[in-house]
Amino acid sequence: MAVLSSRSKKSSKLGKIIPVVTKYVVPPVVAIAVILVIWQLIFSGPDANLPSPITVLQETWDPLIINPFFDYGGTNKGLGLQIFASLSRVAIGFSLAAIVGIALGILVGISPFIYRALDPLFQVLRTVPPLAWLPLSLAALQQSDPSAIFVIFITAIWPIIINTTVGVQQIPQDYRNVARVLRLSGPKFFWKILLPSAVPYIFTGLRIGIGLSWLAIVAAEMLTGGVGIGFFIWDAYNTSRLSEIILALIYVGIVGLILDRIVAFVASKIVPEEQMS
């Protein structure tokens, strides 16, 4: 009886897992397989301009794939260390953008006068391409690392400010009326009403900001040089190491997805389920 019970539990678990795998795992695996086959067929000839998947695997297996953390000095480092260097810059720039952007967004959202004064300026500045700020930051800061971090900051801050502002402005009027009736003090209004109402919008801005940050750092590093995934890609292009570029792009996409999922996971733990869009 105990054996039968154990078998029934295992079959029950498998019965729950198989539909999930079929629904969420199989489709992307099939899509990736189809893309790889088409890619292999198109670029497998001797006159192909780009390497095929098999060629990419052969040319990057040792040491980039099997040893992504090698360090031979200077910029000759594995992809793991290159990505870590880029992530370090993103972490600093994005964190500063989150702190300043949320604070400014709340201030602008609370005050109609400040909103009318600053919103046109924000709308103009947010349309400036991130790399357009790089020459100014290099001239002002004189160093590549702080300049790249500034580009991350200026790229990520606009969606954070705008979404936070909208979140504050969308506080239901009923909540405001209750606050007046209860005569809530400023700090209590902030913690009990304003922040909980604005949190979903804030995390929307953070998710957009982290994605833009990762895009910007890759482009900025191509120009600033040094250790980082952007410079790795540019250096590989200059020396015609196309397989390494393709592998690096795959890594960039995977890391970008992970960053987005991390912010989404944090949001799911903080934002009430009924407020999740």
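Residues numbered from 1 in each chain as written. Predicted model: local features only at pLDDT ≥ 70, side-chain atom pairs only at ≥ 80, totals over all residues. Heavy atoms only, no water.

Chemist: Please clarify how the overall build of the protein should be interpreted in this entry.
Modeler: On a plain count of helices and strands, the protein comes out with 10 helices and zero strands. When the elements of the protein are put in sequence order from the N terminus, they spell out α-α-α-α-α-α-α-α-α-α. Computed over C-alpha atoms, the radius of gyration of the protein comes to 24 Å, more than 25% over the 19 Å expected from 2.2 N^0.38 for 277 residues, which places it beyond the range of a compact globule. Seen through its C-alpha atoms, the protein measures out along the principal axes to roughly 75 × 75 × 35 Å. Out of the 277 residues in the protein, the part that is buried amounts to 35%. Considering only intrachain contacts with a sequence separation of at least 6, the fraction spanning at least 24 residues in the protein is 66%. Counting every atom, the protein has about 16,600 Å² of accessible surface; 69% of that belongs to carbon and sulfur. (Helix = DSSP H or I, 4+ residues; strand = E, 2+ residues; numbered from the N terminus. Rg over C-alpha atoms; globule rule 2.2 N^0.38 Å. Buried < 20%, exposed > 50% of the residue type's maximum accessible area, 1.4 Å probe, protein only. Contact = heavy atoms within 4.5 Å. Areas by Shrake-Rupley, 256 points an atom, 1.4 Å probe, with all protein chains shown as cover.)

Chemist: What exactly am I supposed to notice about unusual backbone geometry here?
Modeler: Keep in mind that most residues, glycine aside, have a negative phi and that most peptide bonds are trans. Residue Pro-63 is bonded to the preceding Asp-62 through a cis peptide linkage, with omega at 5 degrees. With respect to the helices and strands, the residue Pro-63 is situated in helix α2 (residues 53–65).

Chemist: Sorry, what's going on with the UniProt feature "domain: ABC transmembrane type-1" (unreviewed entry) in the protein here?
Modeler: Taking the UniProt record as the reference, the feature "domain: ABC transmembrane type-1" (unreviewed entry) is found at residues 83–263. Measuring from the first to the last C-alpha atom of residues 83–263 gives 18 Å, for a span that is 87% helix and 0% strand. (UniProt positions renumbered as here; feature names shortened; annotations may be inferred.)

Chemist: I keep staring at the packing of helix α5 (residues 134–141) against helix α6 (residues 144–169) and nothing clicks. Help me out?
Modeler: Two quantities define a packed helix pair, namely the angle between the axes and the distance from one axis to the other. Between α5 and α6, the shortest axis-to-axis distance is 9 Å and the interhelical angle comes to 140 degrees. In terms of orientation, α5 lies oblique with respect to α6. Seen along the crossing, α5 lies across α6 with a hand that is right-handed. Of the residues in α6, those in contact with Leu-134, Ser-137, Leu-138 and Leu-141 of α5 are Ser-144, Pro-146, Ser-147, Phe-150 and Val-151. When the residues that make up the contact of α5 with α6 are grouped by side-chain class, the tally is six nonpolar, three polar and no charged. (Axes fitted to C-alpha atoms, helices over the stretch in contact; angles between N-to-C directions. Parallel < 35°, antiparallel > 145°, perpendicular 65-115°, else oblique. Left-handed = near helix turned anticlockwise from the far one by under 90°. Nonpolar A, V, L, I, M, F, W, Y, C, P; charged D, E, K, R; others polar.)

Chemist: Which parts of the structure should I look at to understand the UniProt feature "transmembrane region" (unreviewed entry) in the protein?
Modeler: In the numbering used here, UniProt assigns the feature "transmembrane region" (unreviewed entry) to residues 21–42, 90–114, 147–168, 189–208, 214–234 and 246–267. Helix makes up 81% of residues 214–234 and strand 0%, and the two end C-alpha atoms of the span are 16 Å apart. In this annotation, residues 246–267 is assigned 100% helix and 0% strand; the end-to-end C-alpha distance for the span is 32 Å.

Chemist: Just checking my understanding: could you explain the environment of Ile-160 for this structure?
Modeler: Relative to the helices and strands, Ile-160 resides in helix α6. With 42 residues separating them along the chain, Ile-160 and Ile-202 place their C-alpha atoms 6.4 Å apart. Sequence-distant contacts of Ile-160, defined by excluding residues within four places in its chain, comprise Phe-94, Ala-97, Ala-98, Gly-101, Ile-102, Gly-205 and Leu-206.

Chemist: Would you explain a nonpolar patch on the surface in this entry?
Modeler: Together, Ile-250, Ile-254, Ile-258, Ile-262, Phe-265, Val-266 and Ile-270 make up a nonpolar patch on the protein surface, roughly 630 Å² of accessible area in all. Looking at where Ile-254 falls in the secondary structure, it is placed in helix α10 (residues 242–270). (Patch = residues over 30% accessible without salt bridge, like charges linked within 9 Å, V, L, I, M, F, W, Y side chains within 5 Å. Salt bridge = Lys/Arg side-chain N within 4 Å of Asp/Glu carboxyl O.)

Chemist: I'm lost on the pattern of salt bridges in this one. Help?
Modeler: Here the idea is simple: oppositely charged side chains can pair when their charged atoms come close. Throughout the structure, instances matching the rule amount to seven salt bridges. A salt bridge links Asp-71 to Lys-77, with the nearest nitrogen and oxygen atoms 2.8 Å apart. Given a relative accessible area of 16%, Lys-77 falls into the buried group. Arg-207 serves as the salt-bridge partner of Asp-260, at 2.7 Å between the closest nitrogen and oxygen. Here the residue Asp-260 occupies a position in helix α10, and Arg-207 occupies one in helix α8 (residues 186–224), the gap between them amounting to 53 residues. Judged by relative accessible area, which is 18%, Asp-260 ranks as buried. One salt-bridge network, held together by shared partners, links Arg-89, Asp-145 and Glu-221.

Chemist: How should the packing of aromatic side chains be read in this particular structure?
Modeler: Ring pairs (aromatic) are described by centroid distance and by the angle formed between their planes. Within this structure, the stated rule accounts for five aromatic pairs. Ring centres of Trp-133 and Phe-150 lie 6.3 Å apart, and the angle between their planes is 75 degrees; this geometry places the pair in the edge-to-face category. Taken together, the positions of Trp-133 in the loop between α4 (112–125) and α5 and Phe-150 in helix α6 put the pair 17 residues apart, joining distant regions of the chain. Looking at Phe-150, the relative accessible area reads 29%, which means it is partly exposed. These aromatic residues form a ring-pair network of at least three members: Trp-133, Phe-150 and Phe-153. (Phe/Tyr/Trp six-rings, centres within 6.5 Å; stacked < 30°, edge-to-face > 60°.)

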